[in-house]
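Residues per chain are reported as follows:
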Amino acid sequence: MRKGEKKTQTAEGGSKTVRRKKKKLKIIIPVVILVVLAVAVKAFSGGGSTAIPVYTDQVSTGDIDSELSVSGKVVAEESVTFFAPANAKIEGIEVSKGDVVKAGDVLLCFDKDAVAYAKQQSELAEKISSADYNSNVQYNNEQKTKLAQAEAEIAECELAVDNYEQYIDDLTNGITDMTALRKSDLYAKKYSIEKEMNNYDLAMQFPDEDTDIEMLSRKKVEKQNELNKLNDELSLLADYKTDYGWEDLLTQAKKDLADYQERLSEAKSDKAGAEAAVVNGNKLAGYELNKTKSELESADAGKKYDAALNGVVAGFNGVISELSVVEGATVQEGTQLMVLESIDNVCVEFQASKYALETLKIGQPAEITISGNSYTGSVSKINHIAEVNTSGTATVSASIHIDNPDENIFLGLDAKLKILTASEKGVMQVPVEAVNVDSQGEFCYLIENGILAKKYVTTGISSEAYIQILDGLTANQEIVTTAVYGMGLDEGMAVTGMPMSAMNGAGMGGADMENTDMEKQEQTEDVTDNG
C-alpha cells in the first residue's frame, strides 16, 4: 500500500483504499523554492546520496470526532393506509397523489344516503335477531312452566288415585263384611223359626191331653210368615244397604276415582308435549350466542357505517403517496383507498454494513443535508435483519430521525448523512496522512540521523484530518507526513525534513500564493472501490 493511503470500510460494506486528506495549507512559494534549492545544493556539493525532502509535523493534542458518512432516502416515519370501512359507493375524492394535506382535512367521502340505508338494514337485522331470541326464550319458559304444572298435576292425581283405590277397597271390604254378617244373622233366625215350626208339627202329630192344636196351627202360620220374610230378605241381600251409608260413599268414591284418572291421563299428555317443546340447554345457549353474535356484528357494522358517513379524514399533516380508487366506484369493505405519509415525522433510511454496525448506535447525533438544506437528527432505528443488496453484500437498514423538518423536505429525495460515531477530547493526534499500514500493523515514519525509520503505533478513532494515537509516540514528537515531490517512502531512505509548522508561519514580505480551492472547501476523498 502506498504511503498516505489507508484501507477503510464504507457504510455499505465495500472495501476501499482511501487516500489521506491533506490539511489546508497556505503554501508560501518563496520558502518552498528556497528549501528545495538548499537541499539540491547540499546534495550536489556534498557529493553524497540525494536526500529526499519530506514534510514533517508534530504529535499534537486536540479533540477528534469520528464520523460515518453515508447517503440515504427521506421517508416518513408515520404513515397510514386507508381501507374502505364498509361496502359503499365513493361520492367524492378531494385529493390527488402527491397532494399535501393537513390534519382534519377530508380526503374522500362516500354516498351518505346509501350508507345510512345500509346502516338501518343492519340495525333492523339485529332487532329481528333479538326479537327471535326473546320469542324463543319466552316460549321455552312457557313450556317449562307447563311441564312443571303437568308434573305437579301428575303427582297430585297419582296420589289421589292411590288413595281412592285404597278407600274403595276399604269400603268394598266393609260392605262385604256387613252383608255377610247380616246374612249370618238372617240364617240364624231362619234356623230358629224352622226349629220352632218343626216342634209345632211334632206336637200336632203326637198330641196329648194338653195339646191345643188350634193354637199350634196358628203359631205355625205366624212362624211361616216370619220365615217367608226372612227368605225374602235373604233373596234381596245383594241390594243390601248398611245402616252407615257406605254404599253411597262407595259410589261417590268410584266417581271421584274416575275423575282423577282422567286428570292424570291429561296431565301425562301435557307433560309429553311440554317435554318435546322445551329446548335443551345447548340449543338455548346456541340461541343466545347467535343473539350475541348479531349484536356484535351490528355494533361493528354501526361503527363502520359511522366511519363511512364521516368519510376519510387525515389524522396528521402529510402527503398522499398512493391513491387506488376513483370517484363513482363502489368498493367492498377492506378495499385499499389511499396512503397518507407524514411530513412532520420523517427520517432518512440508509443501509449500514457489518463494519458500520460496529460503531453505529441508537441516539448518535447526525448532520443531514437534503437538496442543499441542513438539518440535525439522531439514529432512531437499527433493524436486526440483514438483507443482501444488489452487490451481494449483506447490509442492515437503519434510520436517522430528522429533528427539524420543514417545507423543503420531500419524501423520496436523497440525503447525505454525517453520523458522529465517537468523540475524544484532549487526546494525542497526528494528521491522518502520517499513519501508514503494512502487514505488521499501523506505523508512522520518523527521521533518525537523516534516515527514514518506522515506528509502529496503536491508533484509536479518527476524523477526516486527524487520527488518535494511543501508544507508540509521545507529545510533540516529529513525524513524517508526505514527500515533497509525492514520491513513495520506504524505511532506510535518506530524507530531509521540512517542518509544516515552520512553513505555515514563515513569510518573506511578498504576497502569499494561496490554494484558493483548499481555502473554500475540503479536499474530497479519492476513493477507489476494490470490491
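Since the structure is predicted, the reported quantities are computational estimates derived from the model, not experimental observations. Position numbers for residues start from 1 in each chain and track the written sequence from start to end. Local features in a predicted model are, by the rule used here, given only for residues with pLDDT of at least 70; side-chain atom pairs are given and counted only at 80 or more, and totals for whole chains, interfaces and linings are based on all residues. Where side-chain values are given, they derive from all heavy atoms of the structure, hydrogens and water being excluded.

A. Local environment of the overall build of the protein. Secondary structure is summarised from DSSP: a helix means a run of H or I of at least four residues, a strand means a run of E of at least two, and numbering begins at the N terminus for each. A count of helical and extended segments in the protein gives 8 helices and 25 strands. For every residue, the accessible area (1.4 Å probe, protein chains only) is compared with the maximum for its type, and the residue is labelled buried under 20%, exposed over 50%, or partly exposed between those bounds. For the protein, the proportion of its 531 residues judged to be buried stands at 33%. The contact criterion used is simple: two residues touch if any of their non-hydrogen atoms lie within 4.5 Å. Taking the contacts inside the protein whose residues are at least 6 apart along the sequence as the reference set, 77% of them involve residues at least 24 apart. Carbon and sulfur atoms provide 50% of the accessible area of the protein, an area that totals close to 31100 Å². In these tables, accessible area is a Shrake-Rupley quantity obtained with a 1.4 Å probe, and a residue counts as shielded only by the protein chains included in the view.

B. View of the environment of F83. Relative to the helices and strands, F83 is located in strand β5 (residues 79-83). Residue F83 is classed as partly exposed on the basis of its relative accessible area of 43%. In sequence terms F83 and T335 are 252 residues apart; their C-alpha atoms lie 5.3 Å from each other. Leave out the neighbours within four places in its chain, and F83 touches G334, T335, Q336 and L337.

C. Structural detail: the packing of aromatic side chains. Classification of ring pairs uses Phe, Tyr and Trp, with its six-membered ring standing for Trp, and accepts pairs whose centres are within 6.5 Å; under 30 degrees between planes counts as stacked, over 60 as edge-to-face, and the remaining range as tilted. Counted by the stated rule, this structure contains 3 aromatic pairs. A centroid spacing of 5.7 Å and a plane angle of 35° characterise the contact between Y164 and Y260, whose relative ring orientation is tilted. Separated by 96 residues along the polypeptide, Y164 in helix α2 (residues 112-205) and Y260 in helix α4 (residues 246-277) bring together distant segments of the chain. Take Y164: its relative accessible area is 21%, and that puts it in the partly exposed class. On the numbers, 5.7 Å between centres and 65° between planes, the contact of F443 with Y456 is edge-to-face.

D. Looking closely at the sheet that holds strand β10 (residues 318-323). Read from one edge to the other, the open sheet built from 4 strands follows the order β5-β12-β10-β7, with strand pairing classed as antiparallel. The strands lining the two open edges of the sheet, one partner per strand, are β5 and β7 (100-101). Sheet topology places β5 next to strand β12 (residues 336-342); 5 bridges connect them, and they run antiparallel. Each bridged residue has a counterpart across the sheet, and for F83 the counterpart in β12 is Q336. Here, a strand pair is defined by DSSP locating no fewer than two bridges between the strands.

E. Structural context of the sheet that holds strand β9 (residues 312-313). Pairing is antiparallel in the open sheet, where 4 strands are placed in the order β9-β8-β6-β11. Sheet topology places β9 and β11 (330-331) at the edges, where each strand pairs with a single neighbour. Relative to β9, strand β8 (residues 106-110) is paired through 2 bridges, and the arrangement is antiparallel. Each bridged residue has a counterpart across the sheet, and for V106 the counterpart in β9 is V313.

F. Representation of the nonpolar core within the structure. Among the nonpolar cores identified, the biggest contains 25 residues, and I90, L107, L108, F110 and L337 are the most heavily contacted of them. For this core, the secondary-structure elements that each account for two or more residues are β6 (88-93), β8, α2, α5 (281-310) and β12. The contacts of L107, once residues within four sequence positions are left out, are F82, I93, E94, V95, V101, V312, V313, A314, I320 and M338. Within the second largest apolar cluster, 23 residues are counted, among which are A352, I370, A398 and I400. Put simply, buried Ala, Val, Leu, Ile, Met, Phe, Trp, Tyr and Cys residues joined by side-chain atoms within 4.5 Å make one nonpolar core.

G. Region of interest: the pattern of salt bridges. Here a salt bridge means any side-chain nitrogen of Lys or Arg lying within 4 Å of a carboxyl oxygen belonging to Asp or Glu. Inspection of every chain in the model, using the stated rule, returns 15 salt bridges. The residue R263 makes a salt bridge to E156 at a minimum N-O spacing of 3.6 Å. Of this pair, R263 sits in helix α4 while E156 sits in helix α2, placing them 107 residues apart in sequence. R263 sits in the partly exposed class, given a relative accessible area of 29%. By relative accessible area, which is 40% here, E156 ends up partly exposed. The shortest N-O distance in the salt bridge between E275 and K271 comes to 4.0 Å. With E275 and K271 both in helix α4 and 4 residues apart, the pair spans about one turn of that helix. A residue is classified by how much of its surface remains accessible, and E275, at 43% relative accessible area, is partly exposed.

H. Main features of α2. Here the expected length of a helix is defined as 1.5 Å per residue gap, with one fewer gap than residues. If you check α2, its first and last C-alpha atoms are 135 Å apart, about what 94 residues at 1.5 Å a residue would give, namely 140 Å. Side-chain atoms alone can form a polar contact between residues adjacent in sequence; in general such a contact is a pair of N or O atoms within 3.5 Å, and within protein one must be able to donate a hydrogen while the other accepts it. Of the residues flanking the start of α2, the one acting as N-cap is D111, its side-chain oxygen 3.2 Å from the backbone nitrogen of D113.

I. Examining the packing of α2 against helix α3 (residues 213-235) more closely. Where α2 meets α3, the axes come as close as 9 Å, and the angle between the chain directions of the two elements is 160°. Between α2 and α3, the angle is such that the two are roughly antiparallel. Viewed along their axes, α2 and α3 form a crossing whose handedness is left-handed. Here an axis means a line fitted to C-alpha atoms, over the contact stretch when the element is a helix, while the angle between two N-to-C directions is reported on a 0 to 180 degree scale. Each angle gets one of four labels, with under 35 degrees taken as roughly parallel, over 145 as roughly antiparallel, 65 to 115 as roughly perpendicular, and the rest as oblique. Two helices cross in a left-handed way if the nearer one is turned anticlockwise from the farther one by less than a right angle. They cross in a right-handed way if the turn is clockwise.

J. Here's a closer look at a negative patch on the surface. Together, E158, D162, E165, D169 and D170 line one region of the surface with negative charge. Within the fold, E158 resides in helix α2. Take E158: its relative accessible area is 34%, and that puts it in the partly exposed class. A patch consists of residues whose relative accessible area exceeds 30% and which take part in no salt bridge; residues with like charges are grouped when within 9 Å of each other, and nonpolar side chains (Val, Leu, Ile, Met, Phe, Trp, Tyr) when within 5 Å. Asp and Glu count as negative and Lys and Arg as positive, but His and the ends of the chain are not part of the count. Think of each charge as sitting on NZ of Lys, CZ of Arg, CG of Asp or CD of Glu.

K. Fine view of α5. If you check α5, its first and last C-alpha atoms are 43 Å apart, about what 30 residues at 1.5 Å a residue would give, namely 44 Å. For α5, every residue scored as buried is listed here: K291, S294, S298, A301, G302, Y305 and A308. Looking at the buried residues of α5, the elements they touch are β8 and α2. Where α5 starts, the residue carrying a side-chain oxygen 3.2 Å from the main-chain nitrogen of N282 turns out to be N280.

L. Quick look at the confidence of the model for the protein. Chain-level statistics for the protein give a pLDDT mean of 83 and a share of 84% at 70 or above. Think of pLDDT as the predictor's per-residue confidence, scored from 0 to 100. Across the protein, the element-wise mean pLDDT spans from 33 in strand β25 (residues 527-529) up to 97 in strand β14 (residues 365-370). Considering only residues more than four positions removed or in separate chains, one finds that residues 1-48, a stretch of pLDDT under 50, has 117 contacts. Low pLDDT, under 50, characterises residues 507-531; the stretch is placed with 37 contacts to residues that sit more than four places away or in other chains.

M. The arrangement of the packing of α2 against α4 in detail. Axis separation between α2 and α4 bottoms out at 7 Å; the angle between their running directions is 155°. When the axis of α2 is compared with that of α4, the two are roughly antiparallel. In this structure, the crossing between α2 and α4 has a hand that is left-handed.

N. Local environment of the pairing of β6. Relative to β11, β6 runs antiparallel, the two being bridged by 2 bridges. Of the residues in β11, the one forming a bridge with K89 is T330. In this structure, β6 lies alongside β8, joined through 3 bridges in antiparallel fashion. For G92, the partnering residue across the bridge sits in β8 and is C109.

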